[in-house]
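Structural overview
What follows is the residue order along each chain.
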Amino acid sequence: MADTHWMVYLQKIFYPLLAIVGIPSNIVTILVFWRRNCMLSASSRYYLMAMSVADTMVLIFIVILELIVKYHIPEPFWFKNPWCTIRDFFNYGAYNTSVWLVVAFTVERFISINTLKLKARICTPRGALCVITAVFLCSHICAIPYFWANESRANNKTGKIECFYSTDVPHFYVKGLVWFQTTLAYIIPYIIIFTLNGLTLRQIYRSNKVYNGMIESSQRYRTTTHFRAQKRKSAVLLVTVSMTFAYLCTTRFITQIILRTSFYGINRNNYEKAINVAADIGTMLDLTNAAVNMYLYACTQARFRQEVLSCAKALLLPWKQKKHPEVVFQIDSGLQSPTRRVTEVLSNKKCLESQAS
């Protein structure tokens with residue numbers, strides 16, 4: 001019996017860890033954004049929650065039901081009909097949703113940062129819900145052709161039932177489907193993400209030059225400072241999420257292009273060929289996208305990080321939680337400082353107590 005390749009052992013360890021880390025972190029992200037605004041707009045929170053839902057679907061359908069199961073069950077249930085025909089519908093539907101929600105979030109943040117007129121009409125909670133629904137539906141519609149692409153049959157070499165591309169469909173149909181998915185999930189999103197991120201960073205650079213040369217009143221100075229701080233936070237979140245997605249997908253994108261052009265029909269289980277090792281490492285990095293977003297938010301958003309730590313303390317150390325009077329830090333149109341607001345709240349409270357006595 002031939003020795004098992006180290007790549008198989010690596011995947012057996014990596015994918016369960018990815019699911020263990022990713023699914024709870026996505027659930028925490030959903031709960032935090034559902035209950036707290038974390039100094040983000042409602043539309044941004046909806047996109048980030050939707051991304052967490054889509055990432056969880058990717059981890060369940062692709063990582064758990066396909067990649068983990070195949071290493072522990074000789075003939076997984078999705079090798080047999082009707083699961084073989086609908087497996088890729090759920091897999092690619094979830095993956096396309098995850099990818100295009102990142103693209104939609106990139107577009108939404110670009111509009112919010114660069115165009116104030118469109119921001120009032122597009123960057124709204126209702127607009128975000130409409131876009132999220134459209135992305136979910138269109139992503140699964142684009143996966144419908146996979147219903148006719150696969151069939152369940154016995155492997156001629158091993159005799160085991162496996163899920164293969166159907167022999168009844170033309171070769172150009174399968175090859176066209178592969179290139180369509182590559183274009184939909186990688187080429188078009190890459191063009192949009194890199195273009196909009198470049199334009200956003202260019203706009204921020206230009207606004208910094210204007211700001212540095214501006215000499216105005218103190219009130220105008222405070223207004224501009226607050227606006228620039230909010231814009232900077234949005235840009236940091238946008239670039240971190242979208243560029244991390246792009247960089248983690250790059251290896252798989254390149255290896256898929258090589259496989260489809262130079263090694264089409266190769267035995268993907270033969271790890272003696274370096275392209276198979278590189279392709280599976282690319283897949284591992286690609287699927288890591290579905291598990292890391294919470295940690296990206298925690299690194300770039302101080303308020304989100306505080307909320308996550310508060311939730312963790314409440315769950316792990318409930319006896320140490322103290323109830324504090326709730327004080328809302330509000331910054332009004334006149335840019336009233338939080339300290340002044342708290343002072344006014346406390347003084348009003350003392351007046352009410354003195355009147356009551």
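Residues numbered from 1 in each chain as written. Predicted model: local features only at pLDDT ≥ 70, side-chain atom pairs only at ≥ 80, totals over all residues. Heavy atoms only, no water.

As a further point, take the state of the cysteines. This structure, assessed with the given rule, holds one disulfide. In this model C84 forms its disulfide with C163; the gap between the sulfur atoms is 1.9 Å. A torsion of 85° about the S-S bond marks the disulfide between C84 and C163 as right-handed. With C84 in helix α3 (residues 83-114) and C163 in strand β2 (residues 161-165), this residue pair connects regions lying 79 residues apart in the sequence. In this structure, C84 and C163 share a single accessibility class: buried. (Disulfide = S-S within 2.5 Å. Helix = DSSP H or I, 4+ residues; strand = E, 2+ residues; numbered from the N terminus. Buried < 20%, exposed > 50% of the residue type's maximum accessible area, 1.4 Å probe, protein only.)

If you trace the backbone, I68 turns up in helix α2 (residues 42-68). Separated by 54 residues in sequence, I68 and F14 place their C-alpha atoms 9.4 Å apart.

This part takes up the environment of T29. Looking at the element boundaries, T29 is found in helix α1 (residues 6-35). Taking relative accessible area as the criterion, T29 reaches 0% and is therefore assigned buried. Taking the C-alpha atoms as reference points, T29 and V308, separated by 279 residues in sequence, lie 8.3 Å from one another. When residues no more than four places from it in sequence are discounted, the contact partners of T29 are S52, M294, Y297 and F304. (Contact = heavy atoms within 4.5 Å.)

Right, let's talk about helix α9 (residues 302-316) for a bit. Here α9 contains 15 residues, and its C-alpha end-to-end distance of 21 Å stays within 8% of the 21 Å for a straight helix at 1.5 Å per residue. The complete set of buried residues in α9 reads F304, E307 and V308. Down the axis of α9, the buried set is contained in an arc of 100°. They therefore lie on one face. Relative to its buried face, α9 has exposed residues pointing more than 90 degrees away, namely K313 and L316. Buried residues along α9 sit against α1 and α8 (274-300). (Expected span 1.5 Å × (residues − 1). Arc of directions from axis to C-beta.)

Right, let's get into unusual backbone geometry. Cis rather than trans, the peptide bond between N81 and P82 has omega equal to 5°. Within the element layout of this structure, P82 appears in the loop between α2 and α3.

Scored by pLDDT, the chain has a mean of 81; 82% of the residues are at 70 or more. Low pLDDT, under 50, characterises residues 324-339; the stretch is placed with 15 contacts to residues that sit more than four places away or in other chains. (pLDDT = per-residue confidence, 0-100.)

Glancing now at the side chain of S112. When you line up the elements, S112 lands in helix α3. Aside from chain neighbours lying at most four places away, what touches S112 is K119 and C123.

Looking now at the packing of aromatic side chains. Per the stated rule, a full pass over the model turns up 14 aromatic pairs. Here Y95 and Y186 contribute two aromatic rings whose centre-to-centre distance is 6.3 Å and whose plane-to-plane angle is 45°, an arrangement assigned as tilted. Taken as a pair, Y95 in helix α3 and Y186 in helix α6 (residues 171-212) lie far apart in primary sequence, 91 residues in all. The buried category is assigned to Y95, whose relative accessible area is 10%. Owing to a relative accessible area of 4%, Y186 belongs among the buried residues under this scheme. (Phe/Tyr/Trp six-rings, centres within 6.5 Å; stacked < 30°, edge-to-face > 60°.)

A rise of 1.5 Å per residue sets the reference length of helix α5 (residues 125-141), with its 17 residues, at 24 Å; its end C-alpha atoms lie 24 Å apart and thus fit the reference within 8%. Buried within α5 we find G127, A128, I132, V135, S139 and H140. Buried positions along α5 lie against α2, α3 and α4 (116-122).

Right, let's talk about the packing of α1 against α2 for a bit. In the contact formed by α1 and α2, the axes pass within 9 Å of each other and the chain directions differ by 160°. Taken as axis vectors, α1 and α2 run roughly antiparallel relative to one another. α2 is crossed by α1, and the crossing has left-handed handedness. Across the contact of α1 with α2, the residue classes tally to 17 nonpolar, five polar and two charged. (Axes fitted to C-alpha atoms, helices over the stretch in contact; angles between N-to-C directions. Parallel < 35°, antiparallel > 145°, perpendicular 65-115°, else oblique. Left-handed = near helix turned anticlockwise from the far one by under 90°. Nonpolar A, V, L, I, M, F, W, Y, C, P; charged D, E, K, R; others polar.)

Further remarks concern the packing of α2 against α5. Put simply, α2 and α5 touch, their axes get as near as 8 Å, and they point 25° apart. For the element pair α2 / α5, the angle class is roughly parallel. Where α2 crosses over α5, the two elements pack in a sense that is right-handed. Taking contact as the criterion, the partners of A42, S43, Y46, Y47, A50 and M57 in α2 are, on α5, P125, G127, A128, L129, V131, I132, F136 and H140. The residue makeup of the contact of α2 with α5, split by class, is eleven nonpolar, three polar and no charged.

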